[in-house]
Amino acid sequence: MKLPCITMLATLLLTVPAAAQLQITPPATIPSPPAEKQKPKPPPPAKKKEAAPAPKPSASPKPAPSSKPTPTPTVIPAPPTDNSSADLVYGAYQRGQYKTAFDLATARAQGGDPKAMTMLGELYSNAMGIRRDYAKAAEWYKRAADAGDREAMFALAMLRISGRGGSVDKNEAVKLMASAAKLGEPKAAYNLALLYLDGQTLPQDVRRSAELLRQAADAGLPEAQYALATFYKEGTGVPKDPERAVRLLQAASLADNVDAEVEYAIAMFNGTGTPKNQPAAVALLRKASRQGSAIAQNRLAWVLINGVGTPMDKVEGFKWHLVAKTAGKGDPELDKQFSDLPAEERAKAEAAAKKWLGSK
């Protein structure tokens with residue numbers, strides 16, 4: 001399956017790979033062993049990916065069950081509200097005081113606290129305040145999962161899929177994910193949706209995938225909102241509904257999902273499923289470009305060079321063209337136009353691109 005098509009002003013092909021944050025890439029992929037877990041806030045979550053408008057028509061593929069993603073599970077135990085000792089554990093964890101969190105969690109886990117067990121699994125899995133030990137992480141996640149903790153179920157499922165802390169066991173992973181999803185864990189619902197979409201670990205079932213994506217999207221998971229939007233744009237597992245797709249893109253965009261920002265910009269640029277608002281679309285393209293989206297940079301270059309929806313600025317436009325090109329998003333037509341640019345303007349664009357790249 002492909003991600004949805006987006007029609008632009010002229011004839012430029014737009015490919016939109018799906019994005020992923022916590023575990024598996026959105027609907028265009030198949031889950032593979034998870035990478036290192038992300039640390040909880042304060043560190044800001046990383047983002048990536050692309051899709052954006054330009055003064056040429058463009059299209060982005062539907063979710064395809066053939067490509068392979070890189071799972072990155074992140075388990076952040078929810079802070080209990082009725083136990084001051086448990087709050088101390090979580091507080092130390094949030095402040096990055098992992099050794100303190102480990103000591104406090106160990107004491108509480110010995111008393112049978114499932115959240116403390118999950119915390120220990122997280123600390124062992126991410127080498128936070130203690131040497132990384134996937135086997136011990138799996139042991140603590142298992143104890144917490146057996147006690148009914150949904151976050152531990154999800155974390156253990158990701159370890160079972162990757163074979164970390166034990167042998168690969170996809171059947172157990174699926175059961176754990178399904179249990180966690182039933183208990184309301186959005187990351188589990190999201191990943192389970194992708195397994196139903198790729199059709200390898202589980203029989204392909206796009207309707208079931210859409211149901212699970214909706215569950216995760218309703219819980220506020222931006223990746224699920226973005227993925228479900230692609231379903232509604234193409235009618236994959238759900239009736240085609242451009243307006244609902246745009247609402248989901250807007251929600252994910254407000255959560256700083258870069259893919260959604262670019263797709264939402266396209267919708268506003270073209271007036272698809274939402275009133276046309278090219279200045280707002282260009283502003284969102286600028287934001288996504290600054291966040292490193294090469295496709296957004298390419299499309300921003302087009303609108304600036306052609307003065308579509310924004311005042312013409314060829315130096316700035318060709319700056320973004322050169323930046324996008326270094327990220328593998330070359331454009332022969334813009335190369336030709338750049339070569340026809342007066343030498344002084346070419347030099348300014350090159351200097352601006354070099355400065356922006358050097359500041360990253």
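Residues numbered from 1 in each chain as written. Predicted model: local features only at pLDDT ≥ 70, side-chain atom pairs only at ≥ 80, totals over all residues. Heavy atoms only, no water.

A.B. asks: Any details on the environment of Leu 212? Residues and values, ideally.
C.D. replies: Take Leu 212: it is sitting in helix α8 (residues 206-218). Remark: the alpha-carbon pair of Leu 212 and Asn 191, spanning 21 residues in sequence, is separated by 8.7 Å. Discounting chain neighbours no more than four positions away, the residues touching Leu 212 are Ala 189, Leu 192, Ala 193 and Tyr 196. (Helix = DSSP H or I, 4+ residues; strand = E, 2+ residues; numbered from the N terminus. Contact = heavy atoms within 4.5 Å.)

A.B. asks: Can you lay out the confidence of the model for the chain for me, pointing to particular residues and giving the numbers?
C.D. replies: Overall, the prediction assigns the chain a mean pLDDT of 82, with 76% of residues at 70 or greater. Considering only residues more than four positions removed or in separate chains, one finds that residues 1-82, a stretch of pLDDT under 50, has 320 contacts. (pLDDT = per-residue confidence, 0-100.)

A.B. asks: Requested: an account of the pattern of salt bridges, with residues and values cited.
C.D. replies: By the definition in use, this model includes 16 salt bridges. When the shortest N-O distance is used, the salt bridge between Lys 142 and Asp 146 registers 2.8 Å. Taken together, the residues span about one helical turn, with Lys 142 and Asp 146 both in helix α4 (residues 134-146) at a distance of 4 residues. Its relative accessible area of 56% is what places Asp 146 among the exposed residues. The residue Lys 187 makes a salt bridge to Glu 185 at a minimum N-O spacing of 2.9 Å. Given the relative accessible area of 2%, Glu 185 is considered buried. (Salt bridge = Lys/Arg side-chain N within 4 Å of Asp/Glu carboxyl O. Buried < 20%, exposed > 50% of the residue type's maximum accessible area, 1.4 Å probe, protein only.)

A.B. asks: Account for the packing of helix α14 (residues 314-326) against helix α16 (residues 343-358), with residues named and values stated.
C.D. replies: Packing of α14 against α16 brings their axes to within 8 Å, and their N-to-C directions diverge by 50°. With respect to each other, α14 and α16 are oriented oblique. Judged by the sense of rotation from one axis to the other, the crossing of α14 with α16 is right-handed. For the pair α14 and α16, the contacting residues are Lys 314, Val 315, Phe 318, Lys 319, Trp 320, Leu 322, Val 323 and Thr 326 in the first and Glu 345, Lys 348, Ala 349, Glu 350, Ala 352, Ala 353, Trp 356 and Leu 357 in the second. A breakdown of the residues in the contact of α14 with α16 according to their chemical character gives 10 nonpolar, 1 polar and 5 charged. (Axes fitted to C-alpha atoms, helices over the stretch in contact; angles between N-to-C directions. Parallel < 35°, antiparallel > 145°, perpendicular 65-115°, else oblique. Left-handed = near helix turned anticlockwise from the far one by under 90°. Nonpolar A, V, L, I, M, F, W, Y, C, P; charged D, E, K, R; others polar.)

A.B. asks: Report on the nonpolar core, specifying residues and quantitative values.
C.D. replies: A general trend in soluble globular proteins is that nonpolar side chains are found buried together. In terms of nonpolar packing, the biggest core is built from 98 residues, with Tyr 93, Leu 123, Tyr 190, Leu 192 and Leu 213 touching the most fellow members. What Leu 213 contacts, discounting residues up to four positions off in sequence, is Tyr 190, Ala 193, Ala 224, Ala 227, Leu 228 and Phe 231. (Core = buried A, V, L, I, M, F, W, Y, C linked by side-chain atoms within 4.5 Å.)

A.B. asks: Go over the environment of Leu 285 with me, naming the residues and quoting the values.
C.D. replies: Turning to its location among the elements, Leu 285 is positioned in helix α12 (residues 278-290). Classification of Leu 285 by relative accessible area gives buried; the value is 0%. Sequence spacing of Leu 285 and Tyr 264 is 21 residues, and the spatial spacing of their C-alpha atoms is 9.3 Å.

A.B. asks: Summarise the environment of Ala 281; cite the residues concerned and give the values.
C.D. replies: Relative to the helices and strands, Ala 281 is located in helix α12. With relative accessibility at 0%, the residue Ala 281 sits in the buried group. For Ala 281, the residues in contact, after removing those within four places along its chain, are Ala 265, Met 268 and Phe 269.

A.B. asks: Outline the side chain of Glu 263, supporting the account with residue identities and numerical values.
C.D. replies: Here Glu 263 lies in helix α11 (residues 258-270). At a separation of 2.6 Å, a polar atom in the side chain of Glu 263 contacts the side chain of Lys 233. (Polar contact = N/O pair within 3.5 Å; in protein donor to acceptor, adjacent residues only side chain to side chain.)

A.B. asks: Go over the packing of helix α7 (residues 186-198) against α8 with me, naming the residues and quoting the values.
C.D. replies: Between α7 and α8, the shortest axis-to-axis distance is 8 Å and the interhelical angle comes to 160°. Taken together, the axes of α7 and α8 lie roughly antiparallel to each other. Our pair here, α7 against α8, has a crossing hand that is left-handed. For the pair α7 and α8, the contacting residues are Pro 186, Ala 189, Tyr 190, Leu 192, Ala 193, Tyr 196 and Leu 197 in the first and Val 206, Arg 208, Ser 209, Leu 212, Leu 213, Gln 215 and Ala 216 in the second.

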